[in-house]
Structure formats: structure tokens, C-alpha cells
Amino acid sequence: MKFLPMFDRVLVERLAAETMSKGGIMLPEKAQGKVLQATVVAVGPGSTNQKGYLTPMSVKIGETVLLPEYGGTKVNLEDKEYFLFRDADILGKYVE
């Protein structure tokens with residue numbers, strides 16, 4: 001089954017938390033920071049402005065983005081955890 005977000009929503013999968021410190025010490029779950037990076041899995045078509053024109057999305061599938069610390073809607077699809085954010089809520093994207 002395929003999931004397509006509506007309007008200006010973006011479906012992301014958070015990257016895994018670091019389980020080891022740079023020095024090689026195993027970090028307990030409480031010491032691991034909240035992961036604010038995610039990979040874009042699906043994007044909606046965009047939102048319409050007041051004149052009825054479609055505003056394009058600023059991210060594409062496969063890009064790595066920076067998320068806000070709070071927000072988003074948790075969605076479970078096929079036993080995996082994803083999050084839905086509005087396009088405007090995404091703080092930025094990583095480019096090479």
C-alpha cells in the first residue's frame with residue numbers, strides 16, 4: 001500500500017539515534033538526544049494560494065531535512081514509525 005500526503009504535508013522517517021559516543025562508549029537510551037534529522041519518504045502536491053494556483057513543495061523524496069524539536073504527527077505504516085509535517089514547518093534541508 002502506498003501513502004500520499006495531502007496538500008502541503010511531508011511524510012518523513014527520522015534517522016536512527018547515535019548509540020555510541022565518539023569515544024566508543026555505549027550511550028543509554030536516556031542519554032541519547034532526540035534525532036532532528038529525517039529522510040523525506042513522500043510529499044503532497046502542495047497547497048493552493050488565494051488565487052487558486054498550486055504552490056510547489058520545497059522538498060523532494062529522498063532528501064535529508066532538519067525537523068523542529070517538537071511537532072509533527074506520528075503515523076504508523078507497515079510496522080514502521082513515520083511523522084507528518086507541513087512543508088513550512090521543516091527548518092531546512094541538507095545539500096551536498
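Source: prediction; values computed, not measured.

**Some words on the nonpolar core**
- Among the nonpolar cores identified, the biggest contains 12 residues, and these are Val10, Val12, Ala38, Val40, Val43, Met57, Val59, Val65, Leu67, Phe83, Phe85 and Ile90.
- Every element with two or more residues in this core is listed here: strand E1 (9-14), strand E2 (37-43) and strand E7 (80-86).
- Residue contributions to this core peak at 3 residues, all from E2.
- Contacts of Val43, omitting those with residues within four sequence positions, involve Leu4, Pro5, Arg9, Val10, Met57, Val59 and Ile61.
- Residues Leu11, Ala42, Tyr82 and Leu84 belong to the second largest nonpolar core, which totals 5 residues.

**Thoughts on the packing of aromatic side chains**
- According to the stated counting rule, one finds 0 aromatic pairs in the structure shown.
- A cation over a ring is seen here: Arg14 above Phe83, with NZ or CZ 4.5 Å from the ring centre.

**Remarks on the confidence of the model for the protein chain**
- On average, residues of the protein chain score 86 in pLDDT, and 88% of them reach the 70 mark or higher.
- Within the protein chain, strand E3 (residues 47-48) has the poorest average pLDDT of any element, 88, and strand E5 (residues 64-66) the best, 94.

**With respect to unusual backbone geometry**
- Located in the positive-phi region is Glu78, a residue other than glycine, with phi close to 50°.
- In this structure, Glu78 sits in the loop between strand E6 (73-77) and E7.
- Phi angles above zero are rare outside glycine, and Asp79 is one such case at about 65°.
- Positionally, Asp79 belongs in the loop between E6 and E7.

**A few points about the sheet that holds E6**
- Across the sheet, 6 strands lie side by side as E6-E7-E1-E2-E5-E8; this open sheet has antiparallel pairing. At either margin of the open sheet sits one strand with a lone partner, and together these are E6 and strand E8 (92-93).
- Sheet topology places E6 next to E7; 5 bridges connect them, and they run antiparallel. Bridge pairing links Val75 to Tyr82 in E7.

Reading guide: rules and limits
- Residues numbered from 1 in each chain as written.
- Predicted model: local features only at pLDDT ≥ 70, side-chain atom pairs only at ≥ 80, totals over all residues.
- Heavy atoms only, no water.
- Core = buried A, V, L, I, M, F, W, Y, C linked by side-chain atoms within 4.5 Å.
- Buried < 20%, exposed > 50% of the residue type's maximum accessible area, 1.4 Å probe, protein only.
- Helix = DSSP H or I, 4+ residues; strand = E, 2+ residues; numbered from the N terminus.
- Contact = heavy atoms within 4.5 Å.
- Phe/Tyr/Trp six-rings, centres within 6.5 Å; stacked < 30°, edge-to-face > 60°.
- Lys NZ or Arg CZ within 6 Å of the ring centre and 35° of its normal.
- pLDDT = per-residue confidence, 0-100.
- Pairing = 2+ DSSP bridges.

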